[in-house]
Amino acid sequence: MKDMMRRIVGKAARPRVAKICFASRCGLVPLLCCCLLLAACLESRLPEGVVATVNSEPIYLRTVQALLDSRSAALGTLQRPSLENMKRQYGEALGTLIIHALVRQELERRQIPVAGATMEQAVALVRGDYGSGGLSKFLTDESLDEADWQALMRDHLAMLTFEKRVLLPGIQVRLDEVCAYYQEHQADFRLPETLDVCFVSGENREALDAFCASFPAGRKTPPETLLAQCLEVRADEVPPPWTKEVSALKPGTCLPARRRNGVWESVGLVERLKAHSLEMADAYPLIEHILQEQKKRAAFEQWLEGSLSRATVKVSPLLRDEVLTPPSARQDRQEEDEDEDGRSGMVDSSAGAEERFDAGAAGVDAGSVKPAGDAGADQPPRRNGAGGSGRR
């Protein structure tokens, strides 16, 4: 029941709460744009291969490319490769790396290192996801140098360290704040009627009958010959073949076994949980977490504004406008580009292929970069599918 509460309440409250994963994961790029404008972000002639400096610390073009490539594996829809899209995405990535640099420097100033053991554990965890040699193959396929990938991992861990060691100690959530939030968002804590059910299947009819005979007491230790999944669902989430029968099923019983797709199947109902409101005592940890996330975001924004006001940030003229353009303006330009793409595609989808911008030759597939506002974009990739930037 607790899992169901967390899922429903978390889903209801999520739209009102922005996560504090900094930079691209919490929409801090607009604040970065404003602060850089106030801090007089300087156009400057920079060394070859350097696209920006933060208090004299260089940010290299290859690091920007690595960040874009690290996001490419999680892509969904692709955009038409164009110079405008590429500049926009490079500008967003550079903004993220400027924030990373400021956080690293703050941790160094406070003498708070990212522990080597923490880095080794994080890398080992990712390697374990991919299996023997899998991570190296993935990095090769994504045109990522392992040293660049580990630098991105260290930046991600630095963000987490900054949150834990710098932001959280100054954040407190008071009881009256929790009470006020609960009163204001009571509709979010209204839980619908749910069913505690077990879906069970197997090739052996006798084993399935034995499971149902001991149901619900034996549901937690099903025989190895059966696949049993017990969970809490709403009535409308029950699979169609069982919906009508489960609605009339008595708690503590199973439906008669039926054979489908070569296996025997049944559904058991543990209990029906009536619709009710979550009491504040049960909702307290959920609300506390929501308010803590809000306060972390505000604290980070305040720190970032102050840090940028004291920093000397120099950006290459090639990307300066993109870094200083708020995402809202970028979105407007992107929608205009997409409208133009749609109109040209209606005329002749095959015409003008020779005139398209060659993103692969330029170094990155602009359509395969996760926008900077997406959750989890700063974290080096775990195993989640194939993809690529086109940079080889």
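Just above, that's the structure.
Please read all numbers here as calculations on a predicted model, not as lab measurements. (Residues numbered from 1 in each chain as written. Predicted model: local features only at pLDDT ≥ 70, side-chain atom pairs only at ≥ 80, totals over all residues. Heavy atoms only, no water.)

## Brief notes about the environment of His 185
1) Next: Mapping His 185 onto the fold places it in the loop between helix 8 (175–184) and strand 4 (190–191).
2) Next: Measuring from C-alpha to C-alpha, the distance between His 185 and Ile 287 comes to 9.9 Å, with 102 residues separating the pair along the chain. (Helix = DSSP H or I, 4+ residues; strand = E, 2+ residues; numbered from the N terminus.)

## Points about the nonpolar core
1) Next: Ranked by internal contacts, the top residues of the largest apolar core, which has 48 residues, are Ile 59, Val 64, Leu 94 and Ile 98.
2) Next: Ranked by residues supplied to this core, first place goes to helix 4 (residues 83–109) with eleven residues. (Core = buried A, V, L, I, M, F, W, Y, C linked by side-chain atoms within 4.5 Å. Buried < 20%, exposed > 50% of the residue type's maximum accessible area, 1.4 Å probe, protein only.)

## Concerning the state of the cysteines
1) Next: Across all of its chains, the model carries one disulfide by this definition.
2) Next: Across the disulfide, Cys 198 is cross-linked to Cys 230 (sulfur-sulfur distance 2.0 Å). Judged by the sign of its S-S torsion, about 110 degrees, the cystine formed by Cys 198 and Cys 230 is right-handed. One end of the pair, Cys 198, is in strand 5 (residues 194–202); the other, Cys 230, is in strand 6 (residues 226–234), with 32 residues separating them in the sequence.
3) Next: On the basis of relative accessibility, which here comes to 1%, the residue Cys 198 falls in the buried class. (Disulfide = S-S within 2.5 Å.)

## Notes on the pairing of strand 5
1) Next: Burial runs high along strand 5: nine of the nine residues are buried.
2) Next: Judged by which residues are buried, strand 5 turns out to be covered on both faces: Thr 194, Asp 196, Cys 198, Val 200 and Gly 202 on one side and Leu 195, Val 197, Phe 199 and Ser 201 on the other are all buried.
3) Next: The pairing of strand 5 with strand 6 spans nine bridges and is classified as antiparallel. Along strand 6, the bridge assignment pairs Thr 194 with Arg 234.
4) Next: Bridging between strand 5 and strand 9 (residues 263–273) involves nine bridges; their strand directions are antiparallel. The residue bridging Val 197 from the neighbouring strand is Leu 269, located in strand 9. (Pairing = 2+ DSSP bridges.)

## A word on the packing of helix 4 against helix 7 (residues 146–167)
1) Next: Two numbers describe how helix 4 lies on helix 7: the axes approach to 9 Å, and their chain directions differ by 55 degrees. Accordingly, the angle class assigned to the pair helix 4 and helix 7 is oblique. Both helix 4 and helix 7 take part in a crossing whose hand is left-handed. Here helix 4 contributes Leu 97, Ile 99, His 100, Val 103, Arg 104, Glu 106 and Leu 107 to the contact with helix 7, which in turn contributes Leu 152, Asp 155, Ala 158, Met 159, Thr 161, Phe 162 and Val 166.
2) Next: Class assignment for the residues of the contact of helix 4 with helix 7 results in nine nonpolar, two polar and three charged. (Axes fitted to C-alpha atoms, helices over the stretch in contact; angles between N-to-C directions. Parallel < 35°, antiparallel > 145°, perpendicular 65-115°, else oblique. Left-handed = near helix turned anticlockwise from the far one by under 90°. Contact = heavy atoms within 4.5 Å. Nonpolar A, V, L, I, M, F, W, Y, C, P; charged D, E, K, R; others polar.)

## Some details on the pattern of salt bridges
1) Next: Tallied over the full model, the rule gives 18 salt bridges.
2) Next: Between Glu 57 and Arg 104 there is a salt bridge whose closest N-O contact spans 2.1 Å. Here Arg 104 lies in helix 4 and Glu 57 lies in strand 3 (residues 57–60), a separation of 47 residues in the sequence.
3) Next: Accessibility expressed as a relative area gives 22% for Glu 57, which makes it partly exposed.
4) Next: Looking at Arg 104, the relative accessible area reads 22%, which means it is partly exposed.
5) Next: For Glu 106, the salt bridge identified is with Arg 109, shortest N-O distance 2.8 Å. Of this pair, Glu 106 and Arg 109 both sit in helix 4, separated by three residues, roughly a single helical turn.
6) Next: For Arg 109, a relative accessible area of 58% translates into the label exposed.
7) Next: Each of Arg 174, Asp 176, Glu 177 and Lys 295 takes part in one network of salt bridges that share partners. (Salt bridge = Lys/Arg side-chain N within 4 Å of Asp/Glu carboxyl O.)

## Focus: unusual backbone geometry
1) Next: With an omega of 5 degrees, the peptide bond between Phe 215 and Pro 216 qualifies as cis.
2) Next: For Asn 55, which is not glycine, the phi torsion reads 50 degrees and is therefore positive.
3) Next: We note that Ser 143 has phi near 60 degrees; this positive angle belongs to a residue other than glycine.
4) Next: Considering the arrangement of structural elements, one finds Ser 143 in the loop between helix 6 (134–141) and helix 7.

## Digging into the packing of aromatic side chains
1) Next: All told, the structure shown has six aromatic pairs when counted by the stated rule.
2) Next: Note on Tyr 130 and Phe 138: the rings are 5.2 Å apart at their centroids and 45 degrees apart in plane angle, and the pair reads as tilted. Phe 138 carries the same exposure label as Tyr 130, and that label is buried.
3) Next: Look at Phe 211 and Phe 215: their rings are 6.0 Å apart centre to centre, the planes differ by 45 degrees, and that puts the pair in the tilted class. (Phe/Tyr/Trp six-rings, centres within 6.5 Å; stacked < 30°, edge-to-face > 60°.)

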